[in-house]
Amino acid sequence: MSRTTRREFIKRSGFTMLTVGVGLSAFPRYLQMAASSSLTRAAALSQNDRILVVIQLAGGNDGLNTVIPISGTLNGIYRDRRPTLAVPEASILPIGRDAAGHQLGFHPHLSRLRTLFNQGRVAVIQSVGYDNPSRSHFRSMDIWHTANPNQIETFGWLGDTLDLTSPGSHNPLLAVAVTGDRLPLSLAARRTAVPVVASIEDYRLRVTNRLYPADEPIRIQTLLALNREAAPERTLYEKIRLTALDAYTSSQLLQERADQNYQNDPTVVYPSNNPLAGAMKQAAQIIASDLGTKILYVMLDGFDTHQGQLDRAVNHPLLLRYLDEAVWAFYQDMRRLGRDHQVLMMTWSEFGRKLPENGNHGTDHGASAPQFVIGTRVNGFNQGRSTGIFGEHPSLTDLYSEDDTKHAIDFRSLYATILERWLEVSAREILGGRFEIMNFIA
């Protein structure tokens, strides 16, 4: 796979190498310390060509209406506690039994995901959460972002992964957040700057003055020249300077490669009225651009369904349909591009919802919820060999005092398995401890 670094880009653009020389010499001291450690060298050696696509379902997805009990005691309790919100049995899409023998199914708006499940491309990870769950959106998101339930952190688990595995990388597109205008805390890193992209088309340096449009090239060159001035003794200035150069470089790379390497195909449809599908299409274009990107991050907001969970204009079934359409289109696109073996998708949400519905025909903040891992290399449903369901549906009688379902799988086991089995890096060093490695990646 061809990768274009900032060094290569600047060379091709006719710029001098002064920028690289100054940049390296002024890099923070801890970068050299990290680069010289045996741990980092070992991690760096493990780099592969695999890509992780993280899908955040923001607001707290109602897992009980996503992966639904179909029969037995669970089904009876589910329907009793959710008299208006329970999904009609006839419309649930069966996916089989979990390890405890519970018959389960997907919400009817996840029909494409069920097709992928039947093809062995989806792993359902049941009852994911953590001890002493927080019901605050902000705190619980931070816990998932930083993989640390015990203290507040500044950097995220994916940011730590980038720092550890690519300490000397000059690639400004090692990771990309297709999240509009904010960098997810998961990708906050000590040394790796991650660009935030709303759309590839709009991700560019804008210096146009409407009175003097012909001056744009001069303005860009001036900005670049200013940012190439050396000031190694001023670390903050140096970081800002490098960030500006990285932003310009990454925008140029994306504009250039996306147009060349990605063509629309009528067999792959990203619905235009689906915000997640739009972001996933941007992710597909970045992957097709072959820029050495390892991590892509997208987000679908709106899962905080306290009121009118089935009635509001943007409600829970519609959000699940967005997820279903976006994942399906993206997976078909990866297959078309011959990249599906390189790409793994994972979902996360800061918590599930409580078992009983509330008086506003909605559900309140809960604790555990199921998550999905999707891709060609997933150890999914395989008749007689794997059910594709990892863990058991949560008990609906053994609950936390506030009617929350308890977790059985620590969310850091989900992370640890992806780090060890997919990205092939040390989960212990990134997560700060040992967590169970699961078998959902073949």
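Only a predicted model underlies this, so the values are computations on that prediction, with no experimental measurement involved.

What follows deals with the packing of helix α11 (residues 275–288) against helix α12 (residues 316–336). The geometry of α11 relative to α12 is characterised by a closest axis approach of 8 Å and an angle of 20 degrees between their N-to-C directions. Classified by the angle their axes make, α11 and α12 are roughly parallel. When the axes of α11 and α12 are compared, the crossing they make is right-handed. Contacts between α11 and α12 involve P275, L276, A277, M280, A283, A284 and I287 on the former and, on the latter, Y322, L323, A326, F330, D333 and M334. Partitioned by chemical class, the residues of the contact of α11 with α12 number 12 nonpolar, no polar and 1 charged.

Oppositely charged side chains are able to pair whenever their charged atoms sit close together. This structure, assessed with the given rule, holds 15 salt bridges. Notably, a salt bridge pairs K406 with D398, separated by 2.9 Å at the nearest N-O pair. For D398, a relative accessible area of 44% translates into the label partly exposed. Beyond isolated ion pairs, a larger network of salt bridges with shared partners links R135, K354 and D404.

What follows covers the environment of N379. With respect to the helices and strands, N379 occurs in the loop between β9 (369–374) and β10 (389–390). Expressed as a C-alpha distance, the spacing of N379 and I389, which sit 10 residues apart in the sequence, is 9.7 Å. For N379, the residues in contact, after removing those within four places along its chain, are S386, G388, F390, N439, F440, I441 and A442. Engagement of the side chain of N379 in a polar contact is seen with the backbone oxygen of N439, the distance being 2.8 Å.

Before going further, it helps to spend a moment on the nonpolar core. Looking at soluble globular proteins, one finds that nonpolar side chains tend to be buried together. One finds F106, M280, F330 and F372 to be the most contacted residues of the largest nonpolar core, which totals 56 residues. If you tally residues by element for this core, the top one is α12, at 11 residues. The contacts of F330, once residues within four sequence positions are left out, are V53, Y270, M280, A283, A284, I287, V343 and M345. Within the second largest apolar cluster, 44 residues are counted, among which are L187, I418, W422 and V425.

Turning our attention to the confidence of the model for the chain. Across the chain, pLDDT averages 85, with 79% of residues at or above 70. In this model residues 1–46 is a low-confidence stretch, pLDDT under 50, and it forms 74 contacts with partners more than four residues away in sequence or in other chains.

With that out of the way, let us pick up the packing of helix α6 (residues 111–118) against α12. With their axes 7 Å apart at the nearest point, α6 and α12 run at an angle of 45 degrees to one another. Accordingly, the angle class assigned to the pair α6 and α12 is oblique. Here S111, R112, L113, T115 and L116 of α6 lie close against α12, whose contacting residues are D324, E325, V327, W328, Y331 and Q332. Here the contact of α6 with α12 is built from residues that sort into 5 nonpolar, 3 polar and 3 charged.

Rules used throughout
- Residues numbered from 1 in each chain as written.
- Predicted model: local features only at pLDDT ≥ 70, side-chain atom pairs only at ≥ 80, totals over all residues.
- Heavy atoms only, no water.
- Axes fitted to C-alpha atoms, helices over the stretch in contact; angles between N-to-C directions.
- Helix = DSSP H or I, 4+ residues; strand = E, 2+ residues; numbered from the N terminus.
- Parallel < 35°, antiparallel > 145°, perpendicular 65-115°, else oblique.
- Left-handed = near helix turned anticlockwise from the far one by under 90°.
- Contact = heavy atoms within 4.5 Å.
- Nonpolar A, V, L, I, M, F, W, Y, C, P; charged D, E, K, R; others polar.
- Salt bridge = Lys/Arg side-chain N within 4 Å of Asp/Glu carboxyl O.
- Buried < 20%, exposed > 50% of the residue type's maximum accessible area, 1.4 Å probe, protein only.
- Polar contact = N/O pair within 3.5 Å; in protein donor to acceptor, adjacent residues only side chain to side chain.
- Core = buried A, V, L, I, M, F, W, Y, C linked by side-chain atoms within 4.5 Å.
- pLDDT = per-residue confidence, 0-100.

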